[in-house]
Amino acid sequence: MEMEKKSVTPDAISFVLANPSPDASSEIPPLILQIVDLKPAGARFRFTASDGKMKLMAMLPSNMATDVTLGKLQNLGLILVLHYNINIVPKTQEKCLIVLKCDIVAPVLESEIVLGEQPKVQETGIVLKPKQDAGAGIVLKPKQEMVAKSAAQIVHEQHQNTAPSQRTSMTRRVHPLVSLNPYQGSWTIKVRVTSKGNLRTYKNARGEGCVFNVELTDEDGTQIQATMFNEAAKKFYSMFELGKVYYISKGSLRVANKQFKTVQNDYEMTLNENSEVEEVSEEGSPIPKAVYNFVKIDELGTYVNRPELVDVIGVLQSVSQSMSIRRKANNEIIPKRDITIADDSMKTVVVSLWNDLANTMGQELLDIVDSSPIVAIKSLKVGDFQGVSLSTVGKSTVVVNPDVPEAEKLRSWFASEGKSKQMTSIGAGLTNLSKSGAKSFYSDRVNLVHITSNPSLGEEKPEFFSIKAYISFIKPDSTMWYQACKACNKKVTAGITSDYRCDGCNMNKNEDEFSLRYIVAFKVSDASGEAWLSTFNEQAEKILGCSADELNQIKQQDQKEFELKLKQAMWVPHLFRVGVTQNEYNNEKRQRITVRAEAPLDFATESKYLLEEIAKF
């Protein structure tokens, strides 16, 4: 009976993986886990959590550090998990159990508990089924000859054997970035500055100020963006140097704005003038110099004109001479240099280097271009010049022949086959299309059935696709437009007098101050099926070939001419960029497909696209 009381909860790891972020008020069943491979991690302790069947990387709460140091909880002990979160370690994509609150069930057991067969460390959360002939009872590993050391002994021995600078790091009680959250108290992190932005000024309703941000990386490869405003920006801008290692404390965290975040972290950090930053000697530091999230060149189309910055890596193909460009905003003349890179997607893209990068790194690349080096560029803006293009920003970095696996792979590919292949520009065929839609008419292309057969698409957030379809039906007796204010495009309503009311402008309007704007549904068809698309003014004008005011005038004068105008728009092929969302109507969720961009079908470009798709088979 005593053994039963001091045992693990079967399938506890499966439960936490299936419920990664429970609220503090959530009902959590009893979760008893065994601590395996306990070791210090700054102010906290890491361990491998085991339920006898599965294992998972884990971290104890900081308030348990004293219990471990005093030996109240040791390696092979049992804990009852009361509250937790699951985080992802970006460097390895492993899942980590962050224990936020727990109780000690047993300080230490003689052996590791195994239910059925030896537990396997889980990286993906896939449950490994025990062998059919394995017993259902608890199996204990035989007691090892070597006496297990307590965590306190391990800490003491490590402290004695480490260099003075490393001992300082341990006494500082460094927290890994993966363990930080907005509700945590004081903490200290040891991080490298892997990206540094320019000091920028801003002006808004609350006044003027300055701001800059850095990207920080710890030894696990976890990253976070830190932002500083005004006094803090002035204080720390000169202190932070790209590539150096720092201790940082007394900052605050908040949930990251997903639209503008540049690293894979749920939180972002803010440092104020009272935050503490201290440079550390990086001798022997295991913190990586840079962490990349590379995007293949043939996948850049989906990032055009979006706020996200991208990292790319490719073989250098050509380098232009330095140019002087006059900035429209303030007539300032700034240097620019274009380079072209290619990767194993058989695509090339032009990268514009601006300011200092154009003069320094640009000249270095020009000198070595004949050797076809590998170039990794971090933090690039994706634009629509020549279809798809890349530009450096203030915090962009360029590294020649980086020490990353992707570079070695590209080098081998180029030497064996890439240098003899014909490359095509990622922007080829997109320059003549509409500016708003050029970014993705040939990216993530799907048939209509892919959208209509998945009614759950767009439940959590809008999802975007490209389609090629024909306008197959336009209902002539449906409402196709609305009365819109010429100033703000909002709908106007008839007032008590002859005036019209615009709620957008919050004032009355007369008939000369509004016009008709399209809001119309078209039925479209392709080889897989059909669907209704909601279309707004700009796209509808292209499809119908006239404005809503002109079509309304035709309808009032000649109904047959009006219907002929609609027929002329039918069975014409179009390229559409659509967004899929869920709307609720009469307490029932319905799929809504909205046209975001439209372009007529360019048969030459479409043929090239189809040939490339066929070649993939």
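Residues numbered from 1 in each chain as written. Predicted model: local features only at pLDDT ≥ 70, side-chain atom pairs only at ≥ 80, totals over all residues. Heavy atoms only, no water.

Examining unusual backbone geometry
Now for step 1: The backbone of Asp37 sits at a positive phi, close to 55 degrees, despite the residue not being glycine.
Now for step 2: With respect to the helices, strands and loops of the structure, Asp37 is situated in strand E1 (residues 31–41).
Now for step 3: Even without a glycine there, the phi angle at Asn401 is positive, about 45 degrees.
Now for step 4: With respect to the helices and strands, the residue Asn401 is situated in the loop between strand E22 (389–400) and helix H8 (405–416). (Helix = DSSP H or I, 4+ residues; strand = E, 2+ residues; numbered from the N terminus.)

Regarding the side chain of Ser275
Now for step 1: Its place among the elements puts Ser275 in the loop between strand E15 (267–271) and strand E16 (276–280).
Now for step 2: The exposure class of Ser275 is buried, given its relative accessible area of 3%.
Now for step 3: Separated by 2.7 Å, the side chain of Ser275 and the backbone oxygen of Lys250 make a polar contact.
Now for step 4: In contact with Ser275, other than residues within four places in its own chain, are Lys235, Phe236, Ser249, Lys250 and Gly251. (Buried < 20%, exposed > 50% of the residue type's maximum accessible area, 1.4 Å probe, protein only. Polar contact = N/O pair within 3.5 Å; in protein donor to acceptor, adjacent residues only side chain to side chain. Contact = heavy atoms within 4.5 Å.)

What about the pattern of salt bridges?
Now for step 1: A full pass over the atoms with the stated rule returns 18 salt bridges.
Now for step 2: Notably, a salt bridge pairs Asp220 with Arg46, separated by 2.8 Å at the nearest N-O pair. Placement of Asp220 in the loop between strand E11 (207–217) and strand E12 (223–229) and of Arg46 in strand E2 (residues 44–50) is noted, with a sequence separation of 174 residues between them.
Now for step 3: For Asp220, a relative accessible area of 16% translates into the label buried.
Now for step 4: For Arg46, a relative accessible area of 22% corresponds to the partly exposed category.
Now for step 5: For Asp311, the salt bridge identified is with Lys378, shortest N-O distance 3.3 Å. Within this pair, whereas Asp311 is found in strand E17 (residues 310–319), its partner Lys378 is found in strand E21 (residues 374–383), the two being separated by 67 residues in sequence.
Now for step 6: For Asp311, a relative accessible area of 6% gives the class buried.
Now for step 7: You can call Lys378 buried: its relative accessible area is 3%. (Salt bridge = Lys/Arg side-chain N within 4 Å of Asp/Glu carboxyl O.)

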